Amino acid sequence: MKKRTFTVDAALLQELGERLIGRAHIALAELIKNAYDADAINCRIRFEADRILVSDDGHGMSQQDFLERWMRVGTTHKVDQKQSRLLGRGLTGSKGIGRLSAQFLASEMTLESTSVDQPGETLFAMVDWSTISRGQDLQKVEVEWEMRREAPDYPDGSESGTQISLGGLKSKWDATLLEDLGRDVWTLRSPFASTRKAGGSREAGDFFVDVDAPEIEGARDAFDKMRANLFANARARIRGTLDRGRSGAQASVTVELVAGYPEGVDEASRFNETVALPVRAGDDALPVLVDRARFDVLVFRTEGRQRHGISVGETREYLAKFGNVSMYDAGFRLPYYGSASDKTGQDWLNIALDQGRRLNVSELLPEKLRTQSRYMQDLPAPGRIFGAVDIDTNHERAVAEQAGAAPGEWLQIQPSRDRLHSNDAFFQLRDLVRFSLDFYANRYRMLALRAAEKQRQKEPASVKFTQALEVLDQGQSDIPGTVYRAVRKEIVEAREAVQSEEEALDQRAALLAPLATAGMAALALNHELARERRLLESSSEELSRLADRHSLPELEQLASDLSASRDRLGALQELFAPLLSEADAAATERLRVDAIVNHVVRSMRPLLPRVKFDVAQIPRSLRFPEGSFAEWSAVLQNVVANAWNAMLDSPVKEIAFVGERGAGGRERLQISDTGVGLGTTLKDSVKLFEPFERSLKIKDENRSVAIGGQGLGLSITRMIAHRRAARVGFVQPQARFSTTFEISWRGTRQ
Amino acid sequence: MKVLVCADLDSESSEFSDAIERADPPDVDVDRLFGDDLTEEIARLIDGADRILSADARPRDVPGTRFDDVDLVVLDNNLAHLGIKGARLTAEAVAGYIRAFSGAPYVVSINKNPDVDFDLRYLVGDYASRADLALNVPHLSNAGLWTRKLVDAAKGFLPWYWPKLLNVADQRRRQIEFVSEALDRSVCETLDIPIEAFSSLSRHSRSLLSQAEETDESSDPDHSLGFRATYRQVFLASPRSLPNQSERRHLLTKFTRDERGIREIVARVVAAEIDFWFRRDVLAPQELLVDVPHLLMRMPFLLGQRASELPHWNSTVDACAGEPPFGTDPEIFTKHLEQQRFRPDLWTTTPCFWWAALKGDDELNAHFSREDLNWADAVFCEDQSAFLCRHDSSRENDPAEFVAEFEGPWSRRYVANVSGFQYVPKSRFAL
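In short, a report on the structure. (Residues numbered from 1 in each chain as written. Chains lettered and ligands numbered in written order. Predicted model: local features only at pLDDT ≥ 70, side-chain atom pairs only at ≥ 80, totals over all residues. Heavy atoms only, no water.)

**As for the packing of aromatic side chains**
Alright, step 1. Following the criterion strictly, the structure yields 41 aromatic pairs over all chains and no others.
Alright, step 2. Their ring planes at 35° and their centres at 6.2 Å tell us that Tyr318 of chain A and Phe386 of chain A sit as a pair that is tilted. Here Tyr318 of chain A, found in helix H7 (residues 312-322), pairs with Phe386 of chain A, found in strand E14 (residues 385-391); they are 68 residues apart in sequence, far enough to count as distant.
Alright, step 3. Its relative accessible area of 6% is what places Tyr318 of chain A among the buried residues.
Alright, step 4. Consider the rings of Trp348 of chain A and Phe426 of chain A, whose centres lie 6.0 Å apart with planes at 35°: the pair is tilted. Placement of Trp348 of chain A in the loop between helix H8 (343-346) and helix H9 (351-356) and of Phe426 of chain A in helix H11 (residues 424-456) is noted, with a sequence separation of 78 residues between them.
Alright, step 5. Through pairs of rings, three or more aromatic residues link up here, namely Phe118, Phe157, Tyr161, Trp162, Phe421 and Tyr423 of chain B.
Alright, step 6. Over the ring of Phe271 of chain A we find Arg443 of chain A, and its NZ or CZ is 5.6 Å from the ring centre.
Alright, step 7. Lying over the aromatic face of Phe276 of chain B, Arg240 of chain B brings its terminal NZ or CZ to 4.6 Å of the ring centre. (Phe/Tyr/Trp six-rings, centres within 6.5 Å; stacked < 30°, edge-to-face > 60°. Helix = DSSP H or I, 4+ residues; strand = E, 2+ residues; numbered from the N terminus. Buried < 20%, exposed > 50% of the residue type's maximum accessible area, 1.4 Å probe, protein only. Lys NZ or Arg CZ within 6 Å of the ring centre and 35° of its normal.)

**Considering the sheet that holds strand E6 (residues 161-169) of chain A**
All names here are of chain A.
Alright, step 1. Strand order in the open sheet made by the seven strands is E5-E4-E3-E6-E2-E1-E7, with mixed pairing throughout. Two strands close off the open sheet at either side, each with one partner strand: strand E5 (144-148) and strand E7 (208-212). Put simply, the sheet's adjacent strands are angled 15° from each other on average, direction ignored.
Alright, step 2. Packing against the sheet, helix H5 (residues 175-186) makes contact with strand E1 (42-47) and E7, and its axis sits at approximately 175° to E7. (Pairing = 2+ DSSP bridges. Axes fitted to C-alpha atoms, helices over the stretch in contact; angles between N-to-C directions. Contact = heavy atoms within 4.5 Å.)

**Here we look at the pairing of strand E10 (residues 386-389) of chain B**
All names here are of chain B.
Alright, step 1. The pairing of strand E9 (residues 378-381) with E10 spans four bridges and is classified as antiparallel. Its bridge partner being in E10, Phe380 is matched across the sheet by Phe387.
Alright, step 2. In textbook terms, the turn of a hairpin is the stretch between consecutive antiparallel strands, and for E9 and E10 this stretch comprises four residues, one of which, Ser385, has a positive phi near 55°.

**Remarks on the environment of Gln637 of chain A**
Residue and element names in this part refer to chain A.
Alright, step 1. Among the structural elements, Gln637 can be located in helix H17 (residues 629-646).
Alright, step 2. For Gln637, a relative accessible area of 18% puts it in the buried group.
Alright, step 3. Linking Gln637 and Val600, residues 37 residues apart in sequence, is a C-alpha distance of 6.3 Å.
Alright, step 4. Not counting residues up to four positions away in its chain, the partners in contact with Gln637 are Leu575, Val600 and Met604.

**Concerning the interface of chain A and chain B**
Alright, step 1. Taken together, the contact between chain A and chain B spans 51 residues of the former and 47 residues of the latter.
Alright, step 2. For the salt bridge of Arg22 of chain B with Glu541 of chain A, the shortest nitrogen-to-oxygen distance reads 2.6 Å.
Alright, step 3. Counting every contact that joins chain A to chain B gives 10 residue pairs in polar contact (both at pLDDT 80 or more).
Alright, step 4. Within the side of chain A that touches chain B, the residues separate by chemical class into 13 nonpolar, 12 polar and 26 charged. (Salt bridge = Lys/Arg side-chain N within 4 Å of Asp/Glu carboxyl O. Polar contact = N/O pair within 3.5 Å; in protein donor to acceptor, adjacent residues only side chain to side chain. Nonpolar A, V, L, I, M, F, W, Y, C, P; charged D, E, K, R; others polar.)

**Quick word on the pattern of salt bridges**
All names here are of chain A.
Alright, step 1. Inspection of the entire model under this criterion finds 54 salt bridges over all chains.
Alright, step 2. When the shortest N-O distance is used, the salt bridge between Glu256 and Arg239 registers 2.7 Å. Taken together, the residues span a long stretch of sequence, with Glu256 in strand E9 (residues 251-257) and Arg239 in strand E8 (residues 236-242) at a distance of 17 residues.
Alright, step 3. Asp473 is the partner of Arg488 in a salt bridge, and the nearest nitrogen-oxygen pair spans 3.1 Å. Of this pair, Arg488 sits in helix H13 (residues 481-550) while Asp473 sits in helix H12 (residues 461-474); the two residues are 15 residues apart in sequence, bridging distant segments of the chain.

**Brief notes about a nonpolar patch on the surface**
Residue and element names in this part refer to chain A.
Alright, step 1. Residues Leu67, Met71 and Trp145 make up a contiguous nonpolar surface patch of roughly 250 Å² in combined accessible area.
Alright, step 2. Here Met71 is to be found in the loop between helix H3 (63-70) and helix H4 (77-81).
Alright, step 3. For Met71, a relative accessible area of 34% translates into the label partly exposed. (Patch = residues over 30% accessible without salt bridge, like charges linked within 9 Å, V, L, I, M, F, W, Y side chains within 5 Å. Areas by Shrake-Rupley, 256 points an atom, 1.4 Å probe, with all protein chains shown as cover.)

**So, the nonpolar core**
Alright, step 1. Core analysis: the biggest nonpolar cluster contains 103 residues, and Phe657, Leu669 and Ile743 of chain A together with Leu72 and Trp146 of chain B have the highest contact counts within it.
Alright, step 2. Examining the composition of this core, we find that nine residues originate from one element, H17 of chain A, more than from any other.
Alright, step 3. Once you skip the residues sitting within four places of it in the chain, Leu72 of chain B turns out to touch Met1, Lys2, Val3, Leu4, Tyr106, Val108, Trp146, Leu165 and Val168 of chain B.
Alright, step 4. Counting 72 residues, the second-largest nonpolar core is a separate cluster that includes Ala104, Cys188, Leu236 and Ala237 of chain B. (Core = buried A, V, L, I, M, F, W, Y, C linked by side-chain atoms within 4.5 Å.)

**Some thoughts on helix H14 (residues 553-580) of chain A**
Alright, step 1. With 28 residues, H14 of chain A should cover 40 Å at 1.5 Å per step; its first-to-last C-alpha distance of 40 Å lies within 8% of that length.
Alright, step 2. The largest bend in H14 of chain A amounts to roughly 35° and is located at Glu574 of chain A, with the proline Pro578 of chain A lying one to four residues further along. (Expected span 1.5 Å × (residues − 1). Bend = angle between axes of the 7 residues up to and from the residue.)

**Some words on the packing of helix H16 (residues 593-604) of chain A against H17 of chain A**
Residue and element names in this part refer to chain A.
Alright, step 1. Following both chains from N to C, one finds H16 and H17 inclined at 55°, their axes separated by 9 Å at the closest point. Here H16 lies oblique to H17, going by the angle between them. Read as a crossing pair, H16 and H17 show a hand that is right-handed. In this structure, H16 contributes Ile596, Val597, His599, Val600 and Met604 to the contact, and H17 contributes Phe629, Trp632, Ser633, Leu636, Gln637, Val640 and Ala641.
Alright, step 2. When grouped by side-chain class, the residues that make up the contact of H16 with H17 number nine nonpolar, three polar and no charged. (Parallel < 35°, antiparallel > 145°, perpendicular 65-115°, else oblique. Left-handed = near helix turned anticlockwise from the far one by under 90°.)

Written out as structure tokens, the structure reads:
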């Protein structure tokens, strides 16, 4: 059989260089990465009238390097070499085609390079891309080169380095384009890595890129200053590390929040969590496909006052352009991720997607953290975060191959150089970063709830008054005697007043435990009620069918009775409904009074036979202060239950609700009943709001039909009303009624 | 119609099938699957799904299950007694797999929310369920659920958002066939939704498609992002049936290996997704499209001389299942409504009309000032699929107004508040 080798068309150079690279800054980035791989500390991009000069102070190329490596397309020596020659940097290149990207920018390229090993000799080579034509054999493409004695001006006066001059530019670079390019180049390196060398050091992490163009003089400084000011405004920082993931190590995640964030949290907070890959439940059968990753994400508040002289508008604008979470491969940005110009790349962490799905609970966090309700609403939107994920695809490939992984089972960069392949390794990395953001949201909500709780538990006022008395006594000699005595008397009286209030509060707090227990039992009972309802439903339907089939009117009556029982049970269940619904337990709105009154009347009616309710005198526009449906219905349920107990022996049983807007802008709801009355004066009726205080003695023969009667209802009512800035109390009864209870609150302006 | 009732316990599967029997729907055969048998079938289904999703198996290589040959799966939400490997304790964990990897076109979960009969938020029932519909056992015995006839509705309870259960399998199969043929076409274009109509939807309503559309555009000044989203893109973006995105991607890459089998899986998932999106985000707000009952509330003169009598209002609800003019005045219908009718019937179960066009039709709106017409003060009760007078002293309670949770000007609706049924969340009544 005959044999034949492949031939390669010269047009492949164009395919590899120009076609794959979609943007100018990506093309330039490839040249900058080459400078980095050559151990440069400085890389300078200078724009002149008709050419672009990219020069560095790296170790340069010898004649041998040029002939064996530079002239060989697709060489993988950087993968094999793994680390840079002098500084031991992880190499960024892998496919040996980066230099071909220059075609995207210009038709001619001149290469000058002085090797650190031969400082007196400079390699000089010229490539005219336009002369390379389709159909020509690649191996026949000639590049002119020679060794010269004179060297170009490398950055920082270096004796070695490389300069690439691009002539025959394909686009005109005006100030706007240059500024855009500058920003792309300045963001090429991770914002959390060192960007400015200090004191002439040559460490692996020192690498500085600058764009030298008169049109944008000073722009770099302004850009750096803005970023530094912005960073100082960050409210939270989320960091994560994975090292030796493929060997079974877990990733660690840290969330730090500054003092005062969330509002009411006085001290800075820090949380740690470790997690094994793959993070997503259900993926646990997959092997770990990521070995090493680091990420750092800052969270901002994009409302309210900002510090360091930048406005909210500037913060928002900056984050819109440069924010979100970017990805860096060996320290260089993959422009797709977090890009403002590509929607899917911008939301590569699926944050906006999950916000659209109205996700309340993370799909990634472990069960033990799913304690706070709806915490995913605190997931920061892409416009509020700025972050970087650092990976190294060369490292991933090396470790994966060592472990015998098949292609596609590690983080791999796409030929377009701007993103990774969307394979399982990428999804594992993405889930890990999202895990950390979800973890942040979870901890933030926990702190916010804790702060709200703390706000309620501040130092008692009586202690403050005692401290004030001490200060007053210490300064007694400096104060006129009459003033001292008058002020002291006022403070002592105020202290006594708040002490009695605090005692009442303590009593109410003591109520909570038995109430909560009773509440849990009631909810369990409610669950059983639902089962009983179902049973009644099926039994009554079955009976009805039998009655119909066999013409048995008595049976039909029985079925009808059972059905009525089912409906009564259903109405009773309504008493619990607001407690079972998350939306009803959340206080977010000012709710209409008439609707809540109607609900309570409807759900309590089966318990209160022969009571006439009048609910027609409540203006539709009347709204309670902000509070939850569960709270206001609890208040009304207690008041109605008390009214019922008071009316057990009354021949006329009537409860009327009257809502109105009173003088002085206060709004009120009055609930009147035809019971036996308060049994005490209006002035003394305040005592009835204390726990276990009762004026109404329920007769033994009535006990089976009474509701409650433990002396807790009014205490609960007052507790809720206080919390919602409302007042409760008994007032002069309305005409025809014996008792009138009033809830009042500050109204809205009409 | 073949119905497969699935529950972890024998007693519950009996309870479900007895409830269906009491409704006595015509031509329905009920089969039961419970206990170890159900465990076995679910394990086989999940195993097949895993092999297709993460290994190299083709759909035609995996064995079938008992879910394949049924029209409707009625699935107990609580599957805690099944000995299935992993944490698949509820219907939520398996409903998506039944949809994607079996021939059963429609899945109803039972008792996910035993304390809820009517969900006041989005008017589609439980919007978070992975099943096509979440019901409770007593609902199964309500004949109205199966036939959608008002006369069959137990105690008059027949939510407008309930489908006609006898029809759902056929309709879903047609949807799947349609999606399968149109996988790479724009959802909106195939649904005859013009770009300006799509742009007028609320941000949330657009979000399913806007999240799906892969584009280089970051800004969306004309709110049209999503208009070009294809069914295939919706499959990739939607986690409701198959929550793992990498698995969805992997599935698409296998197209060349068993195109027909993979296409069917994708189409089943997407058809359910689009159906749900259309019901919740396009139809329920009654803003882009409006159906006859809600249109009558806005334009009662469409009933012509009969607008003053409540029974005539209600006759239109039944007439919606028939032919034009659906109980409205024939002359007005022909002149104004017919040309604004939303034609594709694959995703709707009742006639709908383009609201913006009717609202802007000056000649039509001139009927408001006709002095020869009087109309009843009727409101459409979403829980009864019927009109009631806003105030009626012969009834114990007037219809209750509530505010649904979707954006738009038509979120204020009514329910009759049928005694013995739970409406949740209550706070929607007080907004």
